[in-house]
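For reference, the chains in residue letters:
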Amino acid sequence: MTKIRANAAEISDSGEPQLPTSMRAMGRKPLRYLEDLNPEQREAVETLDGPLLVLAGAGTGKTRVLTTRIAHILSLGRARPSQILAVTFTNKAAREMKARIGQLIGGVVEGMPWLGTFHAIGVKILRRHAELADLKPSFTVLDTDDQIRLLKQLLGAENIDEKRWPARLLAAMIDGWKNRGLTPKRVPEGESFAFANGKGRDLYALYQKRLKELNAVDFGDLLLENLRLFQEHPDVLAQYQQRFHFMLVDEYQDTNVAQYLWLRLLAQGSRNICCVGDDDQSIYGWRGAEVDNILRFETDFPGAKIIRLERNYRSTANILGAASGLIAHNQGRLGKTLRTDIGAGDKVEVQGCWDDEEEARVIGEDIEQFQRQGQSLSEIAILVRASFQMRAFEDRFITLGLPYRVVGGPRFYERQEIRDATAYFEVTLNPANDLKFERIANTPRRGLGEASLKSLHQLARAHNVPLMQAARLIVETEELKPRPRKALADLIDSFDRWRSLIDTMRHTELAELILDESGYTAMWQAEKSPQAQSKLENLKELIRFMEEFDTLAGFMEHVSLVMDAEAEEGAARVNLMTLHSAKGLEFDVVFLPGWDEGLLPHQRSLDESGRSGLEEERRLAHVGLTRARARAKITFAQNRRTHGMWQQAIPSRFIDELPIDHVEVAETQGFHGSYGQSRFDTAENLFASGFYETPGWQRAQRNRPRGGANQSPRAREPITIDGTLVAASTIEGAGLEVGTRVFHQKFGYGHIVQVDGNKLTVDFDKAGQKKVVDSFVERV
DNA sequence: AACTAATACTTTTTT
DNA sequence: AGTATTAGTT
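Treat the numbers as computed from the prediction; the structure is a model and nothing was measured.

Trainee: Mind laying out the overall build of chain A, listing which residues take part and the relevant values?
Mentor: Assigned secondary structure in chain A consists of 33 helices and 25 strands. Counting all 780 residues of chain A, 54% fall into the buried class. Long-range pairs, those at least 24 residues apart, make up 73% of the contacts in chain A with a sequence separation of at least 6. Only carbon and sulfur atoms are counted for the fraction: they give 49% of the accessible area of chain A, which is about 34,600 Å².

Trainee: Tell me about the environment of Glu547, and name the residues and values.
Mentor: Tracing the backbone shows Glu547 in the loop between α27 (530-546) and α28 (552-562). Among all residues touching Glu547, those that are not within four sequence positions of it are Arg506 and Thr508.

Trainee: Tell me about the packing of helix α18 (residues 356-372) against helix α19 (residues 390-400), and please be specific about residues and values.
Mentor: Running from N to C, α18 and α19 point in directions that differ by 45 degrees, and their axes come no closer than 9 Å. Considering their axes alone, α18 and α19 lie oblique with respect to each other. Crossing of α18 against α19: the hand is right-handed. Across the interface between the two elements, Asp356, Glu359, Ala360, Arg361, Ile363, Gly364, Ile367 and Glu368 of α18 pack against Ala392, Phe393, Arg396, Phe397 and Leu400 of α19.

Trainee: Let's hear about the protein's contact with DNA strand B: which residues, and what values?
Mentor: Within the structure, DNA strand B sits among 26 residues, and Ser387, Arg411, Arg445, Gly449 and Arg604 are positioned closest to it. Put simply, 59% of the atoms of DNA strand B that lie within 4 Å of the protein are in sugar or phosphate. A distance of 2.4 Å separates a base oxygen of DNA strand B from a polar atom in the side chain of Arg385. His580 has a polar side-chain atom sitting 3.5 Å from a base oxygen of DNA strand B. Among the residues forming the surface near DNA strand B, the class breakdown is seven nonpolar, eleven polar and eight charged.

Trainee: Account for the layout of surface pockets, with residues named and values stated.
Mentor: Volume-wise, the second largest pocket comes out at about 1,000 Å³. Glu213, Leu214, Asn215, Ala432 and Asp434 are, among the 42 residues lining the second largest pocket, the residues nearest its centre. When the residues that make up the lining of the second largest pocket are grouped by side-chain class, the tally is 19 nonpolar, nine polar and 14 charged.

Trainee: I'd like a rundown of empty space enclosed by the protein, residues and numbers included.
Mentor: Tallied over the full model, the rule gives seven cavities of 30 Å³ or more. Its boundaries defined by the atoms lining it, the largest cavity holds a volume of some 60 Å³. As for the largest cavity, its lining consists of Gly57, Ala58, Asp278, Asp280, Ser324, Ile327, Arg333, Lys336, Leu338 and His622. Of the residues belonging to the lining of the largest cavity, the class tally is three nonpolar, three polar and four charged.

Trainee: Explain unusual backbone geometry to me, and be specific about the residues and the numbers.
Mentor: Residue Pro444 is reached from Thr443 by a cis peptide bond, and omega for that bond is 0 degrees. Structurally, Pro444 can be placed in the loop between α21 (434-441) and α22 (450-463). One non-glycine residue with positive phi stands out, namely Asp134, at about 65 degrees. Relative to the helices and strands, Asp134 is located in the loop between α7 (118-128) and β4 (140-141).

Trainee: Go over the packing of helix α17 (residues 317-327) against helix α30 (residues 603-626), please, and point to the residues and values.
Mentor: Where α17 contacts α30, the two axes come as close as 9 Å, and the packing angle between them is 175 degrees. One way to sum up the angle between α17 and α30 is to call them roughly antiparallel. Mapping the contact onto sequence places Ile319, Ala322, Ala323, Leu326 and Ile327 in α17 and Arg618, Arg619, Ala621, His622, Leu625 and Thr626 in α30. Residues that form the contact of α17 with α30 fall into these classes: seven nonpolar, two polar and two charged.

Trainee: Explain the side chain of Glu438 to me, using residue names and the numbers behind them.
Mentor: With respect to the element layout, Glu438 can be found in helix α21. Arg149 is the oppositely charged side chain nearest to the buried, salt-bridge-free Glu438, at an N-O distance of 5.5 Å. Those residues in contact with Glu438 that lie beyond four places of it in its chain are Arg149, Gln153, Leu453, His457 and Leu467.

Trainee: How would you summarise the nonpolar core if you had to cite specific residues and measurements?
Mentor: The nonpolar side chains of soluble globular proteins are, as a tendency, buried together. Of all hydrophobic cores here, the largest spans 61 residues; its most connected members are Leu85, Phe230, Tyr252, Trp262, Leu263 and Leu266. A per-element tally of this core places helix α14 (residues 257-267) first, with nine residues. When residues no more than four places from it in sequence are discounted, the contact partners of Leu266 are Leu85, Phe230, Leu237, Tyr240, Gln241, Phe244 and Met247. Residues Leu467, Leu510, Trp524 and Met556 belong to the second largest nonpolar core, which totals 46 residues.

Trainee: Quick rundown of the state of the cysteines? Include the residues and the values.
Mentor: Scanning the model with the defined rule gives zero disulfides in all. Between Cys274, a free cysteine, and Cys275, which holds the nearest cysteine sulfur, the sulfur-to-sulfur gap is 6.8 Å. The class of Cys274 is buried, set by a relative accessible area of 0%. The class for Cys275 is buried, based on a relative accessible area of 0%.

Trainee: Which residues make up the sheet that holds strand β3 (residues 115-117), and what values go with them?
Mentor: Strands pair in a sheet through their backbones, by hydrogen bonds, and they do so in one of two ways: parallel or antiparallel. Across the sheet, which stays open at both edges, the six strands sit in the order β3-β2-β6-β7-β1-β8 with parallel pairing between neighbours. What marks the edges here is a single partner per strand, and that holds for β3 and β8 (305-309). Neighbouring strand axes in the sheet, compared pairwise and without regard to direction, differ in orientation by 15 degrees on average. Bridge count between strand β1 (residues 52-56) and strand β7 (residues 273-277): four bridges; the pairing is parallel. The residue bridging Leu55 from the neighbouring strand is Gly277, located in β7. Along the sheet, helix α6 (residues 91-105) makes contact with β2 (84-88) and β3, crossing β3 at roughly 165 degrees.

Trainee: Any details on α18? Residues and values, ideally.
Mentor: Relative to the 24 Å expected for 17 residues at 1.5 Å per residue, α18 spans 24 Å between its end C-alpha atoms, a close match to the ideal helical length. With a side-chain oxygen positioned 3.2 Å from the backbone nitrogen of Glu357, the residue opening α18 is Asp355. One or two steps after α18, the chain reaches Gly374, where phi turns positive at roughly 95 degrees.

Trainee: Explain the pattern of salt bridges residue by residue, including any values.
Mentor: With the rule as written, the count across this model stands at 51 salt bridges. Where Asp278 meets Lys336, a salt bridge forms, and the shortest distance between an N and an O atom there is 2.8 Å. Taken as a pair, Asp278 in the loop between β7 and α15 (291-295) and Lys336 in the loop between α17 and β10 (339-340) lie far apart in primary sequence, 58 residues in all. Given a relative accessible area of 2%, Asp278 falls into the buried group. Each of Asp143, Asp145, Asp146, Arg419, Asp420, Lys436 and Arg439 takes part in one network of salt bridges that share partners.

Trainee: Break down the packing of aromatic side chains for me, with residues and values.
Mentor: Taken as a whole, this structure holds 22 aromatic pairs when the rule is applied. Ring centres of Phe397 and Tyr404 lie 5.9 Å apart, and the angle between their planes is 50 degrees; on these two criteria the pair is classed as tilted. Residues Phe397 and Tyr404 agree in their burial class; the two are buried. Consider the rings of Tyr424 and Trp498, whose centres lie 6.3 Å apart with planes at 75 degrees: the pair is edge-to-face. Placement of Tyr424 in helix α20 (residues 416-429) and of Trp498 in helix α24 (residues 482-501) is noted, with a sequence separation of 74 residues between them. Taken together, the aromatic side chains of Tyr424, Phe495, Trp498, Tyr520 and Trp524 make up a single cluster linked through ring pairs. One cation-aromatic arrangement involves Arg287 over Tyr284; the distance from NZ or CZ to the ring centre is 3.8 Å. The ring centre of Tyr260 lies 5.3 Å from the NZ or CZ of Arg296, which sits over that ring.

Trainee: Now, about the confidence of the model for chain A: what can you tell me, with residues and values included?
Mentor: Regions with low pLDDT carry predicted coordinates that are not meant to be interpreted in detail. With 81% of its residues at a pLDDT of 70 or more, chain A has an overall mean of 81. Here residues 1-28 is modelled with pLDDT under 50, and outside its nearest four sequence neighbours on either side it reaches 38 contacts, counting other chains as well. This model gives residues 670-734 a pLDDT under 50, and the stretch forms 128 contacts once residues within four places in sequence are excluded.

Definitions and cut-offs
- Residues numbered from 1 in each chain as written.
- Chains lettered and ligands numbered in written order.
- Predicted model: local features only at pLDDT ≥ 70, side-chain atom pairs only at ≥ 80, totals over all residues.
- Heavy atoms only, no water.
- Helix = DSSP H or I, 4+ residues; strand = E, 2+ residues; numbered from the N terminus.
- Buried < 20%, exposed > 50% of the residue type's maximum accessible area, 1.4 Å probe, protein only.
- Contact = heavy atoms within 4.5 Å.
- Areas by Shrake-Rupley, 256 points an atom, 1.4 Å probe, with all protein chains shown as cover.
- Axes fitted to C-alpha atoms, helices over the stretch in contact; angles between N-to-C directions.
- Parallel < 35°, antiparallel > 145°, perpendicular 65-115°, else oblique.
- Left-handed = near helix turned anticlockwise from the far one by under 90°.
- Near = heavy atom within 4 Å.
- Polar contact = N/O pair within 3.5 Å; in protein donor to acceptor, adjacent residues only side chain to side chain.
- Nonpolar A, V, L, I, M, F, W, Y, C, P; charged D, E, K, R; others polar.
- 1 Å grid on protein atoms, 1.4 Å probe; cavity = no way out; pocket = protein on both sides within 12 Å on 5 of 7 lines; lining within 4 Å.
- Points joined across faces, edges and corners; volume = space filled by probe spheres on them.
- Lys, Arg positive; Asp, Glu negative; His and termini not counted.
- Salt bridge = Lys/Arg side-chain N within 4 Å of Asp/Glu carboxyl O.
- Core = buried A, V, L, I, M, F, W, Y, C linked by side-chain atoms within 4.5 Å.
- Disulfide = S-S within 2.5 Å.
- Pairing = 2+ DSSP bridges.
- Expected span 1.5 Å × (residues − 1).
- Phe/Tyr/Trp six-rings, centres within 6.5 Å; stacked < 30°, edge-to-face > 60°.
- Lys NZ or Arg CZ within 6 Å of the ring centre and 35° of its normal.
- pLDDT = per-residue confidence, 0-100.

Next up, the structure:
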């Protein structure tokens, strides 16, 4: 078989003289890279034609399949690098793929122009056809800050009380609509009502209008505008359909509706789309990811082949067994059986603690123990559900003198000083960028306060010109008091001067000049707070990062999309992070603290999304367990401080769902709580008095559909766009529609005013309008 | 415009 | 409880 393929490679090889020599050289070798794959992986790499879904469980070599597949396509000469579309979610994943393809084909991967994040590729396409989207090719991409700032202005102009209707909420709603591929016109009436009594949709439309005026897009637009471009200009779509001979998608379970539609349009060309993902690792439902996308793959892409990667190369049998047993409790899944050859290993440890402090103490001691055994600290991780849990560990590690690092946290580009600095650069390049102008107009303080900016805004709106233009006008008048007037005039002069230097001065020098002359560096130097120093360091780092680009404009293009802090590899440290940021990573030893009911199945997730929320929490737990190679330890606390108040906690139901054979309940030292030796004793005692007794939980249990493993994970109305079925699933709890009279344990009687999937907006007779989950109400 | 007092938050996070 | 943002005061 290898031989036949090798021949095929040679034949097509000669027909494709454009291939780089390194790849051609590879074609002659009998495709050695295939020999390192197991049969399923190999099939996934070699099944090139038609739609393919690779269900890759945790640790089964997902990235390897993806990268080898690309190498394979190239070496067979089935496509040139520029004819392959490969999308990931994060820049990190894209970088890693580039590096690994480089290793495979020997050398740097030049000319994989279409390997990148959804957003990066979206920008690229949109810039090429900006005019068709009513934009100039130089459009800017707004970050979240700008987005909020803009919406605040809009709300102000519309006289909407920002207290009652915060800009953040509107931003989240608009984001949600964009994630679902909804333009303002298509926003359902009912949902529009959820903001400012029905103004939601109009505000969205207004916001889009302002974006166009500013020649800007937000993150959501990158996909949405692409979609519109493709739908309204079939010739453009056809162009890309013909270009992309092969499409590869990483983490398919995380795609949202807009991304899905985008992929589907493009895939109508070659039909060679390969999606890799794991429905059991879908943990981003709350930000628009549709598990249904992966569950429905066969329907969406008729004739699709599905390959399961079930051989795990990461964890011991006990860890895998525990994780598999846990995830088996989920109903809406395609189902996989993970195997490993690594051996049984140690059982998963479970230990109860008195409170979160003891939890940190116990884990700290364990880590020191491992350290004495020669375990590297960088191979140890603590994975928490919520970031507030980190504090107890940080406190403990500081007293122990145990080096640790917090993974995740604010990204480099999101830091205040970086945003300020780039705002200066942006305004230098593009004076019409009002949002950035506003951001730095009075930073550092130069006497341009609220009042001055307000007059400026008025003038800008009256003349329909950018703020910078308005500023030029206003300094010629008596409108402002002398002091702000002078400050503004100086600022305009400065920007003009900086702009005149763009072509002559080296961009890094210019950047330093701008930060110096604007007084921005001086501002931080004058501040004595401990953070000021690190902010100055970050600014230096920013300039260093700029070296990698040729021009200021080139740098700015990348800044909002591609920049993030690189993890400095120093001395070995214990890793502390959330379960979400742990996805895709692996460690020898993993600690999973806080498996408390209400924290690991997070209460809010349960409240807001009912059973699908519970299942997502279970997937989160599963992701946590499968990060471990050799050892995993789960802990829970009996007492936990929630917003200042001590509260009793009970062990997570997930602990009881772990298969007993793979688990060992640890002796608790110094622990004298109300529970005995067995975790089941505990659970039973707590069953009698705790969460499971609440009416909501019981009702949720009762409404839970039985049987049918093929049940969809979520009940909701089908989503259609342009009559295209986008996300259909079975509709449970039928009969719950607008107008239906319902009863709720806590809120009493009311009638439904809006249905959004399993979320209902109910107007209660006594309690007023509330959002509730369908399983918590009863028809009356 | 800058300080202090009061008030409102508090799951997860990428682009 | 603790912080982060905002409103009110000087």
